[in-house]
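Overview (structure and organization)
Each chain, letter by letter, is given below.
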Amino acid sequence: MTALTLSTAAAPGLRADAIVIGVAKGTAPRSGDLIVAPGAEAVDKAFDGRLAGVLETLGASGAEGEVTKLPAPAGFKTPLVLAVGLGSEPEKDAAFDAEALRRAAGSAARALTGAKKAAFALPVTDAADIGAVGEGVVLGAYSFDAYKQTARDGDAKAKNDKAPLAEAVLLGGKPRDAAHKAALARAATVGEELNRARDLINMPPNDLDPEAFAALAQTAAKEHGIKIQVLDEKALVKGGYGGILGVGAGSASAPRLVKLSYTSSKAKKHLAFVGKGITYDSGGISLKPAGHNETMKCDMSGAAAVFAAVVAAARLGLEVNVTGWLALAENMPSGSATRPGDVLRMYSGKTVEVLNTDAEGRLVLADALWAASAEKPDAIVDVATLTGAMMLALGSRTFGIMANDDAFRSAVHEAAEEVGEPAWPMPLPEHLRKGMDSTVADIANMGERMGGGLVAGLFLREFVGEGVTWAHLDIAGPAFNEGGPFGYTPKGGTGTAVRTLVRLAELTASGDLG
Ligand code: BES
Ligand code: MN
Ligand code: ZN
């Protein structure tokens with residue numbers, strides 16, 4: 001992980017591999033101009049105030065994520081200046097927003113792969129900005145190469161060239177300011193845990209089955225003083241968890257339900273997070289065709305996010321109780337698999353007619369939601385790569401939020417916006433419920449095709465305990481980035497929803513939720 005520090009050192013004397021500065025696209029009356037952002041004054045001065053012109057000559061436009069490298073001016077102890085685009089300059093008298101800083105820091109950190117140490121002289125104005133740059137650096141520097149030959153047994157140089165930026169020194173903050181220090185420490189913790197979620201998502205499904213996931217949770221829980229309970233297949237049978245068992249029935253790797261409990265002696269509230277943890281979704285007997293299964297190792301992204309958020313809450317010592325539920329199963333076809341037409345008796349006692357074994361997420365979540373509800377938490381938030389329909393509706397960067405309480409849905413949306421995770425509220429239209437009426441069971445696991453994401457949300461709602469506030473995040477779109485990296489988002493597992501969950505825990509702890 002990239003180490004983060006604060007420094008007041010002046011740019012020319014600082015020893016590092018590179019100094020990162022910000023540039024932006026000018027807005028009226030400076031439309032068309034390249035703007036050098038505050039923080040880069042020392043560099044600009046060493047260029048006799050011509051830095052913007054020099055960068056323009058090199059083709060810089062200030063566009064978001066654009067990286068322009070140039071040799072540092074004479075007298076600098078840093079050989080390289082890296083100018084990163086922040087997008088459009090803010091309105092007069094306004095500052096660059098935290099998300100623009102987070103993304104720029106991420107793009108710069110990724111461009112510095114292989115470097116040992118870089119100084120970041122971006123336009124930070126307060127502790128929140130420092131946290132944003134710190135988070136952007138840790139998240140942008142991320143790489144997953146555990147399975148690459150270079151990381152395994154490549155020579156030292158090959159390894160080094162691919163290694164994430166080792167250290168980032170943030171300029172512009174105050175190393176002795178408690179708020180600045182706290183913001184940086186929070187960024188390091190959240191960034192590290194979010195990267196842990198990414199590692200889990202990127203891990204191939206032949207290595208990460210439900211049992212392996214539970215074992216990793218056990219290790220982390222022990223390390224961070226989190227109570228953990230793992231229900232194995234026997235315990236699930238005994239407890240009557242028909243949804244989780246039904247989905248896992250076709251796999252050679254048995255399912256698990258993991259309960260992580262972080263408690264604070266100062267807590268006044270209790271939040272429960274529930275994550276869909278399908279370690280591989282083949283579709284089961286309703287098998288997915290080729291072209292739809294290559295990325296289905298990502299179907300445990302919800303559980304990874306929940307896991308990471310609980311560990312982050314513990315490491316931050318938040319004054320709130322947080323319970324994380326990981327509903328882990330592998331959805332495979334076989335002679336023992338659940339068939340379309342089977343009826344499952346769920347943990348809640350309701351029966352479900354399985355019409356499509358590929359609608360498995362809602363089945364494992366239903367049991368976990370019912371288990372979470374039994375503790376009467378102040379709120380439940382579930383996170384799931386639940387439907388292709390949500391991806392069609394919102395695209396691949398935005399997750400949908402559904403809830404049984406409008407105010408809570410808005411609060412979750414606000415928290416997501418605040419941390420820079422694009423999200424959008426979605427409805428739970430009552431008329432879609434009757435499409436799931438079953439002739440043999442209490443409900444079917446499929447309904448109308450149109451509005452499939454909302455249908456799934458309505459199904460889940462039936463398994464939330466009476467009077468429990470609940471929100472559902474369908475992260476099928478943003479969980480896994482199949483395109484190129486952008487900002488602080490790498491290719492592959494993104495760790496989406498981790499920061500929203502952590503923010504919700506913080507807001508609940510401070511009594512500021514809603
Ligand atoms: N895991 C998938 C949803 C998904 C699709 C996640 C694409 C990420 C990317 C889920 O289990 C699924 O297969 N859903 C079906 C439901 C349908 C059978 C009612 C879907 O969306 O097609
Ligand atoms: Mn599926
Ligand atoms: Zn799935």
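Residues numbered from 1 in each chain as written. Chains lettered and ligands numbered in written order. Predicted model: local features only at pLDDT ≥ 70, side-chain atom pairs only at ≥ 80, totals over all residues. Heavy atoms only, no water.

As named in an unreviewed UniProt entry, the chain is Probable cytosol aminopeptidase, taken from Streptomyces humidus. We quote the UniProt Subcellular location (unreviewed entry) comment for the chain here in full: "Cytoplasm". On record in UniProt, under Function (unreviewed entry), the comment for the chain is "Presumably involved in the processing and regular turnover of intracellular proteins. Catalyzes the removal of unsubstituted N-terminal amino acids from various peptides." (UniProt positions renumbered as here; feature names shortened; annotations may be inferred.)

1. Concerning the overall build of the chain
Per the secondary structure count, the chain includes 16 helices and 20 strands. For 514 residues, the compact-globule estimate of 2.2 N^0.38 gives 24 Å, and the C-alpha radius of gyration of the chain, at 24 Å, lies within 12% of that figure. Each principal axis of the C-alpha distribution contributes one length, and for the chain these read about 80 × 50 × 45 Å. For the chain, with 514 residues in total, the buried portion stands at 55%. Counting every atom, the chain has about 20,600 Å² of accessible surface; 52% of that belongs to carbon and sulfur. Within the chain, one finds 51 positive and 60 negative side-chain charges whose respective centroids are separated by 4 Å. (Helix = DSSP H or I, 4+ residues; strand = E, 2+ residues; numbered from the N terminus. Rg over C-alpha atoms; globule rule 2.2 N^0.38 Å. Buried < 20%, exposed > 50% of the residue type's maximum accessible area, 1.4 Å probe, protein only. Areas by Shrake-Rupley, 256 points an atom, 1.4 Å probe, with all protein chains shown as cover. Lys, Arg positive; Asp, Glu negative; His and termini not counted. Charge placed at Lys NZ, Arg CZ, Asp CG, Glu CD.)

2. Let's talk about the site of ligand 1
Close to ligand 1 lie 17 residues, the nearest being Lys288, Asp299, Asp358, Glu360 and Gly388. Lys288 places a polar side-chain atom, nitrogen or oxygen, 2.8 Å from an oxygen atom of ligand 1. Between Leu386 and ligand 1, the recorded distance is 3.4 Å, taken from a backbone N or O atom to a nitrogen atom. Coverage of ligand 1 by the protein chains reaches 79% of its 520 Å² of free accessible surface. Looking at the shell around ligand 1, the elements that each hand over two or more residues are strand 10 (270-281) and helix 13 (388-394). Looking at side-chain class alone, the shell around ligand 1 contains 6 nonpolar, 4 polar and 7 charged residues. (Near = heavy atom within 4 Å. Polar contact = N/O pair within 3.5 Å; in protein donor to acceptor, adjacent residues only side chain to side chain. Nonpolar A, V, L, I, M, F, W, Y, C, P; charged D, E, K, R; others polar.)

3. Concerning the coordination of the manganese ion (ligand 2)
For the manganese ion (ligand 2), every protein donor is listed as Asp281 (OD), Asp358 (O), Asp358 (OD) and Glu360 (OE), and the spread of their distances is 2.1 to 2.2 Å. Here the manganese ion (ligand 2) is ringed by 6 donor atoms whose angles at the metal span 70 to 170 degrees, and the overall shape comes out irregular. Sequence spacing of the donor residues for the manganese ion (ligand 2), all on one chain, is D-x76-D-x1-E. Distance-wise, the zinc ion (ligand 3) is placed 3.1 Å from the manganese ion (ligand 2), both being coordinated by Asp281. Overall, the relative accessible area of 23% leaves Asp358 in the partly exposed class. (Donors = N, O, S within 2.8 Å, 3.2 Å for Na, K, Ca; no water. Tetrahedral: all angles 85-135°; square planar, octahedral: opposite > 155°, others 65-115°.)

4. Observations concerning the sheet that holds strand 13 (residues 351-353)
Reading across the sheet, the 3 strands line up as 12-13-17 and stay open at both edges, with mixed pairing between neighbours. In this open sheet, the two strands that pair with only one neighbour each are strand 12 (343-345) and strand 17 (443-444). Looking at chain direction, strand 13 and strand 17 are connected through 2 bridges and run parallel. By the bridge assignment for strand 17, Glu353 is matched with Ala444. (Pairing = 2+ DSSP bridges.)

5. Some details on the coordination of the zinc ion (ligand 3)
Looking at the zinc ion (ligand 3), the protein donor atoms are Lys276 (NZ), Asp281 (OD), Asp299 (OD) and Glu360 (OE), and they sit 2.0 to 2.4 Å from it. Taken together, the 6 donor atoms surrounding the zinc ion (ligand 3) define angles of 78 to 174 degrees at the centre, an arrangement classified as octahedral. Each donor residue of the zinc ion (ligand 3) belongs to the same chain, and together they define the spacing K-x4-D-x17-D-x60-E. Lys276 sits in the buried class, given a relative accessible area of 1%.

6. Description of the packing of helix 12 (residues 361-373) against helix 15 (residues 452-461)
Relative to each other, helix 12 and helix 15 sit at 30 degrees, their axes nearing to 9 Å. The pairing of helix 12 with helix 15 is recorded here as roughly parallel in orientation. Helix 12 and helix 15 meet at a crossing whose hand is right-handed. Note on element contacts: helix 15 touches helix 12 through Val455, Ala456, Phe459 and Leu460, opposite Arg362, Leu363, Leu365, Ala366 and Leu369. Across the contact of helix 12 with helix 15, the residue classes tally to 8 nonpolar, no polar and 1 charged. (Axes fitted to C-alpha atoms, helices over the stretch in contact; angles between N-to-C directions. Parallel < 35°, antiparallel > 145°, perpendicular 65-115°, else oblique. Left-handed = near helix turned anticlockwise from the far one by under 90°. Contact = heavy atoms within 4.5 Å.)

7. Describing the UniProt feature "active site" (unreviewed entry) in the chain
As recorded in UniProt, the feature "active site" (unreviewed entry) lies at Lys288 and Arg362. Checked against the element boundaries, Lys288 lands in the loop between strand 10 and helix 11 (301-316). Sequence-distant contacts of Lys288, that is, excluding residues within four places in its chain, are made with Asp281, Ser282, Gly283, Asn293, Met296 and Asp358. Tracing the sequence through the fold places Arg362 in helix 12. Once residues within four sequence positions are removed from consideration, Arg362 is found in contact with Leu386, Thr387, Asn445, Met446, Val455, Ala456, Phe459 and Leu460.

8. Here's the deal with the environment of Thr68
Relative to the assigned elements, Thr68 resides in strand 4 (residues 67-71). In the structure, Thr68 is positioned 54 residues away from Leu122 in sequence and 15 Å away in space, judged by C-alpha atoms. When residues no more than four places from it in sequence are discounted, the contact partners of Thr68 are Leu55, Leu58, Ala60, Val81, Leu82 and Ala83.

9. Brief notes about the nonpolar core
One finds Phe213, Phe307, Leu326 and Leu473 to be the most contacted residues of the largest nonpolar core, which totals 62 residues. It is helix 11 that provides the largest number of residues to this core, a total of 12 residues. If we ignore the near neighbours within four places in the chain, the residues touching Leu473 are Val381, Asp382, Val383, Ala384, Phe399, Gly400, Ile401, Val412 and Ala497. (Core = buried A, V, L, I, M, F, W, Y, C linked by side-chain atoms within 4.5 Å.)

10. Observations regarding the pairing of strand 15 (residues 399-403)
Burial of strand 15 is extensive: 5 of the 5 residues sit out of reach of the surface. Here strand 15 shows no split at all, with Phe399, Ile401 and Ala403 on one side and Gly400 and Met402 on the other all buried. Note: strand 15 against strand 16 (residues 423-425), 3 bridges, orientation parallel. In the sheet register, Ile401 faces strand 16, and the bridge partner there is Pro425.

11. Thoughts on the sheet that holds strand 10
An order of 8-9-11-10-14-18-15-16 is seen for the 8 strands of this open sheet, with the pairing classed as mixed. Each edge of the open sheet carries a strand with a single partner, namely strand 8 (227-231) and strand 16. With direction set aside, neighbouring strand axes in the sheet form an average angle of 20 degrees. Here strand 10 runs beside strand 14 (residues 379-384); their pairing, made up of 5 bridges, is parallel. Its bridge partner lying in strand 14, Phe273 is registered against Val381. Sheet strands touched by helix 14 (residues 406-419): strand 14, strand 15, strand 16 and strand 18 (470-474). Its angle to strand 15, the strand with the most contacts, is close to 155 degrees.

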